[in-house]
Amino acid sequence: MFISFRKATLVALAASTALLAACSDSTKTSTTTPPTPRIDAACIEAGPNAREQVLTRLSLARAGDTVAFCEGYFEMSTGLLVNSKNGITLKGAGKDKTILNFLNSDSGEGINASYADGLILQGFTVEDTPGNGVRVFRSESVTIRDVRVRWHDAAGRDETSDKYTPRSDVGAYGLYPVETQHVLMEDCESHGASDAGIYVGQSNDVIVRNCLATYNVAGFEFENTYRALFEDNVATKNTGGFLIFDLPDLRQYGEKNVVRRNKSYNNNTDNFAPTGNIVGLVPRGTGMLVLASDQLEIYDNDITGNDSFGIAIVNFGLVDRNYPDLRYDFYPEGIEIHNNRFSGNGQSPQLPIADRGVASVLPLLMRVKNFGRGADIVWDGGEDEPNDCTDYPVDEDGIALNKPNNAETRYEPRVDERGRPNYYRSDKDPKCKYNAWKFDAQKKLKKPENGLCLSNNTHKSNPLVTPFLNAGLNRSDIGPELIQQIIVPGSSDTAPFACDLPDRPIPVLKLPYKIVKEEAAPPVATIAAACSAVKPGQVNWNALAKYDCPELSQYGLFKVANDPLSGGQGSFVMPYELNSTLFSDYASKYRVIFLPPNAQGGVQPAKYQDKKSTNSINESLDFPVGTVISKTFTFRTEDAGGQLLREHIVETRLIIKRDTTVGERWIGLPYVWQQGSDGKPTKAVLALAGDNVAVQWDYLDPNPNVKKNNERARYKGASAAYAVPAALNCITCHGGDDRLGAAPIGPKARNMDRGINKDKTGENQLAFMARKGWLTGFNADASKRDTPMATMEIPGSGPSKALPGTPRDVHERVRAYLEVNCAYCHNNNGGASNSGLFLDSFRTVGVRYGICKKPVAAGRGSGNRGHDIVLGNAAASIMSYRVGSAEAGIRMPPIARSVVHGEASALINEWINTGLPGVNAENNDEIQNENSCNDSELPLLLTELLPAELSDVLSQIQAASGGLVNISAVTDLLESITKGVTSALSPTQQSERAMKGTPAANR
C-alpha cells in the first residue's frame, strides 16, 4: 500500500508545484535544470566483474565522460570513488531499475566523491551502505538527480513495507554534500538514515527540490550552510521533518536560507539515532527544527500531524551555554515564518526514552509553560545579551574582518549587511565572543533583523494546541533563575512578533557545468611503445614521466624485475625509514625514493622544508618533478628466532610527480603482485580498481627495541580481505586543498629525521641526503628544524625523552601516531575538515583536538558516546571506540586496514585514561576544554516526559540548586497544569503510561 501512497504523493506534489509556479504571489523562482547527460560507452552489466569495471572506468575517465550502469542489481564489495575528476557523470537506468547494494562492502560510503566539479549522479539506488550513502566533498556545480538512498531493516524490509522499522546501526547520512558550492538535488529520496536523509553541510548556494524523505531521524537538513533552498519536498515518517542547524567548531556558519512549499507531516518515528549525535536529541514528532541559524525564511509550507511541535526555534545554549567556540553565535536571529498552514501538531508527545536521559526534560518544560497545551510554533525565548568584548575578529593577516584585505579571496563577504563577521577557516581564533554588531547605542537588540517575525500563518482551531509559544526559557544552568523561568508561564501572544524582513536571496546556481576538455588519453599503442622501451639496468624515466604502464617491471625501477626487495636501480636511489608509520594490517613495508637525473646526468635534488619553514603541517620534503616514491607491502612468516620462512609480496604502490597539462601533480598507481606455483612473485600488474587479498603474518618487529611484555615484539594474525586501494583511493588520503594530487604523506622532515637503520642507528637520513647532494636547504643545527616525531612503539622515543611509560612519554607517542594515521585527513585542508577534528602534532590539545568535542558526522561511529575524548575515560571516548573497531563505517582510519591495530588501540586507551590527565596535572594550559564534557542539564531536544514525571525531575533540580527551590510549591502549581496534558494523551500513550505502573512480572 505504501508504494501506491508514495507515488500518489509525488504525483500530487508535481501537480501542486506546477500550480504554485503559476499562481504563487512570490516573485522568487528557481529554475536551474542541467541537461540530461549522454552515454559515452556501453553500460556496465551487473555481475562479478562490475566492481572492477566501474572503478577502472572512473579512474580512466576524462572530463565529459559518462560511466553508466545497466538496469540490474549490483552487489558491490567496495565503495565507488570519484576523486579529482571534473565533469564526470555516473548514471544508471533509473532509481527503480539500477540498484547498487553495499551490504558487504569494505568501505563506509557507497559513493565518495571529492574535488569533483561538474559531477552528475543520476538514475540509481544506493542501499545498505555501512556508512553514508552518497558523500560529495569540496566540489562545485554538482547535480544529484533521480537518486535514492535507503537501508533495509533487520528483517530485510524496505521503506515500502508497513512493518518497516529503521535501524540505528546503519549509515548516518543518505545524500551528503559537504563543503560544496552550487549543488542541485532534485527528484531524490532517502529512507532509513540514522542521522539525516537528505543533508547539505558547510556549503553555499544549494537547491533541494521535489525530494522525498521517510524513516530518517532527520528527513532534510541544512547545517552551517549559506544561501540554500528547500522547496517542494515531502518529509513524512521521520523523527523530524526539516532541520536547519548551525553547529559550533565548523569551517563556516550559515545564514540566508529559505524553506518553502514543502510538506512536513506525521514525522512521528521514534528517534533511533545513536546517542551522542546531536540529532539523537530531536523528539519524535517535530515538523521543523531551527537551531542557531540566522536569516531564515519559512513560508508556504504544510506542517501537519507532528506529535511534538510544528516548528521549534531554539538556541544552542540549551545544549551547552558554556560551549567554548568563540566564533559561534548560539542564537537564531532574523527568522521569518509566514503564510504556512498548521494542523494537528503538538498533541501526542512521546513517552520517556531511557537512553535519552536528561534530554527528555526540555519539551515537558515547554508544555508546562503552555499550561499543558501543545503549540504549532515554539520559540524557547532565548535572546543574546551585550558583553564586554570590543575586539572585532581578524583574519589570518591580523586585519579586522570589517576592513578590506586585498590580498585574499573569499566566497562570501567578510561581513554581512547586519555587521556580522563571516568567519573563514583560516581566520585567527578570537579572544572573546564579539556580538556588539547586534546592539544599538542603548545596548538594545536591533530588531527585527535579529528577532523573530510571524505573520499570516493559518492554524486549525484546537483547544489543546496554541498557534505559538514563547517559552521564555533561555538558561541551561541549574540555579534559582532557571527555576524561576520554569515555573513562570510562557506567552502565546504573537503581537510582539508581527514584523517583516527582507526576502532572502534564492540561490542562482552555476549550472550546467562548463566542461573543460582535458588532454586526450594517450593511444594504447603509444603507451605500449613507451613502456616496452625499458632497458636492462636502467630506469625508464620517459615512461614514468607520462604513462601508466600496465606492468611495474616496465619502469625498470628494481634490480630484479620480479623482486621489489632486490633494491632500486639508478644513481640516486634511497631506501628510507620513518619514525612513525601508517598501520596497514601488520604489513611489512619497503620504502624507496628515486630522484630523477638532470640533463647532464646529475641529480635533481629535493629541497628541505618543514613546518618551521612553510607554516604548513602537511608539507613533506619538496621533491622535483620526475621523483618516484615506491612502497612495497609484504607479509612475513618467521621462525621463533626471527629467520624468514616466507614472504608474501602483495603490492607495490608508486607515487610519481609529473608535469601535467594542469600543472605539477603527484599520481598514485597501485600494482598487485602475482605469484607462481612456488609462491614467489612473477610480475606486478596495474590494478586501477584495487584488490582484496587473503594474508597472514607471524614475525618479530624489525626494530629490536620494540618490546611486548619485556620481550621483542612479535605480531601474528591473518586477514581474509587485506585491501589494495584503488588508484582513486590514493587521493582520499594523499589529497587536500594544499596538496598536489596524491602527494607524499610519510616523508615529512620530522618523520625522516632519524638514523638510517631499522633500529634508528646509523647516519641521519636527512644529513645523508644532504651529504650526497640529494637535499638542499638542510640545516645541520637540529634546533633550526622541526622536532623529530616519536616512534609509537618505543617508550621514551619522544622529543622530551621522557621516562618510558610516564604520561608525557605516552602523550608524545600517541600524538605521533595520530598525526601519521589520522591527520592527513583530519586537518584544515584535508578530507575530514568538515568534522572540525584536527589531529596534527603541533596543535594545542583542546576542543579541536577532540577534548570534550561533540561529534559532527560520526553516525553509528559515535558508539553511543557523546564526545571524541573524555579525559580519564576511554570507555566514554569516541576515539577509543573507532580506533578499536575493524568494522566498515566505524573504524578509523577508514581505509588501509581491515583489522584492529591492537598496540595502538591499547596505547590510546592508556593515553586517555592516565596519560592526558597526567599531562594536564603537569601543565593545565597544555590540555584545554577538559571540563566541558558534561552537557547542559537541559540539552537541546527533546524526548517528552509525561507531566507526572516532572516532580522527580524538579526534585533533582532542587537538589542541584542546593535547596533554593520550594519543591512543594512548584508541584502544587504543576498539578493544575498537568490535568490538561493528561487529557490530551492518545489511547496508545495512556496504555503505555498504565504499563509503566504495572509490575514487570505481570506485563
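In this text the structure is predicted, and so the values were computed from the model without any measurement.

K.L.:
Describe the overall build of the protein, and please don't skip the residues or the numbers.
P.N.:
Assigned secondary structure in the protein consists of 17 helices and 45 strands. For the protein, the proportion of its 1003 residues judged to be buried stands at 60%. Taking the intrachain contacts of the protein between residues at least 6 apart in sequence as the baseline, contacts between residues at least 24 apart amount to 67%. Split by element, the accessible area of the protein, about 37700 Å² in all, is 51% carbon and sulfur.

K.L.:
Go over the state of the cysteines, please, and point to the residues and values.
P.N.:
Under the defined criterion, the tally for this structure stands at five disulfides. Here Cys 453 engages in a disulfide with Cys 499; their sulfurs sit 2.0 Å apart. On the sign convention where negative means left-handed, the S-S torsion of about -110 degrees between Cys 453 and Cys 499 marks this disulfide as left-handed. With Cys 453 in strand E29 (residues 452-455) and Cys 499 in the loop between helix H5 (480-487) and helix H6 (524-531), this residue pair connects regions lying 46 residues apart in the sequence. Its relative accessible area of 0% is what places Cys 453 among the buried residues. Linked covalently through their sulfurs, Cys 852 and Cys 933 form a disulfide whose S-S length is 1.9 Å. Between Cys 852 and Cys 933 the sulfur-sulfur dihedral comes to about -95 degrees; the bridge is accordingly left-handed. You can see Cys 852 sitting in the loop between helix H12 (807-821) and helix H13 (878-883) and its partner Cys 933 sitting in the loop between helix H14 (902-922) and helix H15 (950-960), a full 81 residues away along the chain. Accessibility expressed as a relative area gives 14% for Cys 933, which makes it buried. The connectivity of the disulfides in the protein is 1-2, 3-4, 5-6, 7-8, 9-10, where the numbers refer to bonded cysteines in sequence order.

K.L.:
Any details on the packing of aromatic side chains? Residues and values, ideally.
P.N.:
In this structure the tally under the stated criterion is 31 aromatic pairs. Plain terms: the ring middles of Phe 69 and Phe 74 are 5.0 Å apart, the flat faces sit at 80 degrees to each other, and that makes the pair edge-to-face. With respect to burial, Phe 69 and Phe 74 carry one shared label: buried. Plain terms: the ring middles of Phe 220 and Phe 230 are 5.5 Å apart, the flat faces sit at 70 degrees to each other, and that makes the pair edge-to-face. Of this pair, Phe 220 sits in strand E16 (residues 218-223) while Phe 230 sits in strand E17 (residues 226-231), placing them ten residues apart in sequence. Assessed through its relative accessible area of 0%, Phe 220 is described here as buried. A network of ring pairs unites the aromatic residues Phe 583, Tyr 586, Phe 635, Trp 697, Tyr 699, Tyr 715 and Tyr 722 as a single cluster. Stacked on the ring of Phe 330, the Lys or Arg Lys 433 has its end atom at 4.0 Å from the ring centre. Here the guanidinium or amino end of Lys 758 rests over the ring plane of Tyr 590, the centre of that ring lying 5.6 Å away.

K.L.:
Any details on unusual backbone geometry? Residues and values, ideally.
P.N.:
Across the junction of Lys 447 and Pro 448, the peptide omega takes the value 10 degrees, indicating a cis bond. For the peptide bond that leads from Met 892 to Pro 893, omega is -5 degrees, which places it in the cis range. Examined against the element boundaries, Pro 893 turns out to sit in the loop between H13 and H14. Here the phi dihedral of Asp 128 falls at roughly 60 degrees; this positive angle occurs in a residue that is not glycine. As for its position among the elements, Asp 128 is in the loop between strand E7 (120-127) and strand E8 (134-137). Judged by relative accessible area, which is 10%, Asp 128 ranks as buried. Although it is not a glycine, Asp 146 sits at a positive phi angle of roughly 55 degrees. Along the chain, the position of Asp 146 falls in strand E9 (residues 140-150).

K.L.:
So what's going on with the pattern of salt bridges? Residues and values would help.
P.N.:
All told, the structure shown has 59 salt bridges when counted by the stated rule. Glu 179 is paired through a salt bridge with Arg 138; the nearest N and O atoms lie 2.5 Å apart. Placement of the pair is Glu 179 in the loop between strand E10 (175-178) and strand E11 (181-186) and Arg 138 in the loop between E8 and E9, with a sequence separation of 41 residues. On the accessibility criterion, Arg 138 (10% relative accessible area) is buried. Between Arg 167 and Asp 169 there is a salt bridge whose closest N-O contact spans 2.9 Å.

K.L.:
Lay out H12 in plain terms, naming residues and giving numbers.
P.N.:
Spanning 15 residues, H12 covers 21 Å between terminal C-alpha atoms, matching the ideal 21 Å at 1.5 Å per step. Summarising burial for H12: 14 of the 15 residues are buried, a large majority.

K.L.:
Please give an account of the sheet that holds strand E25 (residues 309-314) that cites residues and values.
P.N.:
If you trace the eleven strands from one edge of the open sheet to the other, you get E3-E6-E8-E10-E13-E16-E19-E22-E25-E28-E31, paired in parallel fashion. Both outer strands of the open sheet, strand E3 (80-83) and strand E31 (465-470), are each paired with one neighbouring strand and no more. Averaged over all adjacent pairs, the angle separating strand axes in this sheet is 10 degrees, with direction ignored. Strand direction decides the pairing type here: E10 and strand E13 (residues 196-201), joined by two bridges, are parallel. Bridge pairing links Leu 175 to Ile 198 in E13.

K.L.:
Quick one: what's the story with the side chain of Asn 262, residue by residue and with numbers?
P.N.:
Looking at the element boundaries, Asn 262 is found in the loop between strand E20 (255-260) and strand E21 (263-265). Under the relative-accessibility criterion, Asn 262 is labelled buried at 1%. At a separation of 2.8 Å, a polar atom in the side chain of Asn 262 contacts the main-chain carbonyl oxygen of Arg 260.

K.L.:
Residues and numbers for the nonpolar core, please.
P.N.:
Grouped together as the largest cluster of nonpolar side chains are 70 residues, with contacts concentrated most on Val 54, Leu 80, Leu 90 and Val 208. What Leu 90 contacts, discounting residues up to four positions off in sequence, is Val 54, Leu 58, Val 67, Phe 69, Leu 80, Ile 111, Ile 120, Leu 121, Gln 122 and Phe 124. Counting residues in each nonpolar core, the second largest holds 48 residues, with Val 178, Ala 292, Leu 365 and Ala 471 among its members.

K.L.:
Let's hear about the environment of Tyr 299: which residues, and what values?
P.N.:
Structurally, the position occupied by Tyr 299 is in strand E23 (residues 294-299). Taking relative accessible area as the criterion, Tyr 299 reaches 7% and is therefore assigned buried. It is 5.0 Å that separates the C-alpha atoms of Tyr 299 and Arg 260, two residues lying 39 residues apart in sequence.

K.L.:
Help me get a handle on the pairing of E7, residues and values and all.
P.N.:
Along E7, eight of the eight residues are buried, which leaves the element largely enclosed by surrounding structure. Across three bridges, the pairing between strand E4 (residues 89-91) and E7 is parallel. Residue Thr 89 lies in a different strand from E7, and its bridge partner there is Ile 120. Both strand E5 (residues 98-101) and E7 contribute to a ladder of three bridges, which runs parallel. By the bridge assignment, Leu 100 is partnered in E7 with Val 126.

K.L.:
Report on H6, specifying residues and quantitative values.
P.N.:
Listed in full, the buried residues belonging to H6 are Ile 527, Ala 530 and Cys 531. An end-on view of H6 places all buried positions within 95 degrees of arc, on one side of the element.

K.L.:
Residue-level account of the packing of H12 against H14, with values.
P.N.:
Running from amino to carboxyl end, H12 crosses H14 at an angle of 125 degrees, the nearest separation of the two axes being 8 Å. Between H12 and H14, the crossing angle belongs to the class labelled oblique. Crossing angle aside, the handedness with which H12 passes H14 is left-handed. Contacts from Pro 807, Arg 808, Val 810, His 811, Arg 813, Val 814, Tyr 817 and Leu 818 in H12 reach Ala 904, Leu 907, Ile 908, Glu 910, Trp 911, Thr 914, Gly 915, Leu 916, Gly 918, Val 919 and Glu 922 in H14. Grouping the amino acids of the contact of H12 with H14 by side-chain chemistry returns eleven nonpolar, four polar and four charged.

Criteria and thresholds
Per chain, the residues get numbers from 1 upward, laid out in the order the sequence is written. Restriction of local features to residues with pLDDT of at least 70 applies here, the model being predicted, together with a cutoff of 80 or more for giving and counting side-chain atom pairs; totals for whole chains, interfaces and linings are based on all residues. Processing note: side-chain calculations cover all non-hydrogen atoms of the structure and skip hydrogens and water entirely. Going along the chain from the N terminus, every DSSP run of H or I of four or more residues is numbered as a helix, and every run of E of two or more is numbered as a strand. The rule is simple: take the accessible area with a 1.4 Å probe, protein chains only, and divide by the maximum for that residue type; under 20% is buried, over 50% is exposed, in between is partly exposed. In what follows, residue pairs with any heavy atoms lying within 4.5 Å of each other are defined as contacts. Per-residue and other accessible areas follow the Shrake-Rupley method at a 1.4 Å probe size, with only the shown protein chains counted as cover for residues. Counting rule for disulfides: a pair of cysteine sulfur atoms within 2.5 Å. Stacked, tilted and edge-to-face pairs are distinguished by plane angle, under 30 degrees for stacked and over 60 for edge-to-face with tilted covering the rest, among Phe, Tyr and Trp rings (Trp via its six-membered ring) whose centres lie within 6.5 Å. Note on criteria: charge over ring means Lys NZ or Arg CZ within 6 Å of the ring centre, with the direction from the centre no more than 35 degrees off the ring normal. When a carboxyl oxygen of Asp or Glu is within 4 Å of a side-chain nitrogen of Lys or Arg, the pair counts as a salt bridge. To estimate how far a helix should reach, multiply one less than its number of residues by 1.5 Å. Pairing between strands requires that DSSP locate at least two bridges from one strand to the other. All axes here are fitted lines through C-alpha atoms, helices being fitted over the stretch that makes contact, and every angle between N-to-C directions spans 0 to 180 degrees. Whenever a nitrogen or oxygen atom comes within 3.5 Å of another N or O atom, the pair is scored as a polar contact, on the condition that within protein one atom can donate a hydrogen and the other can accept it, and that pairs from neighbouring residues in sequence are kept only if both atoms are in side chains. Throughout this description, the term nonpolar core refers to a set of buried Ala, Val, Leu, Ile, Met, Phe, Trp, Tyr and Cys residues connected via side-chain atoms within 4.5 Å. An arc is given here, and it is the one of the directions from the helix axis to the C-beta atoms. Roughly parallel refers to an angle under 35 degrees, roughly antiparallel to one over 145, roughly perpendicular to one between 65 and 115, and oblique to any angle outside these ranges. In this scheme, a crossing is called left-handed if the near helix is turned counterclockwise away from the far one by less than a right angle; it is called right-handed if the turn is clockwise. In the scheme used here, Gly and all other residues not listed as nonpolar or charged are polar, with Ala, Val, Leu, Ile, Met, Phe, Trp, Tyr, Cys and Pro taken as nonpolar and Asp, Glu, Lys and Arg as charged.

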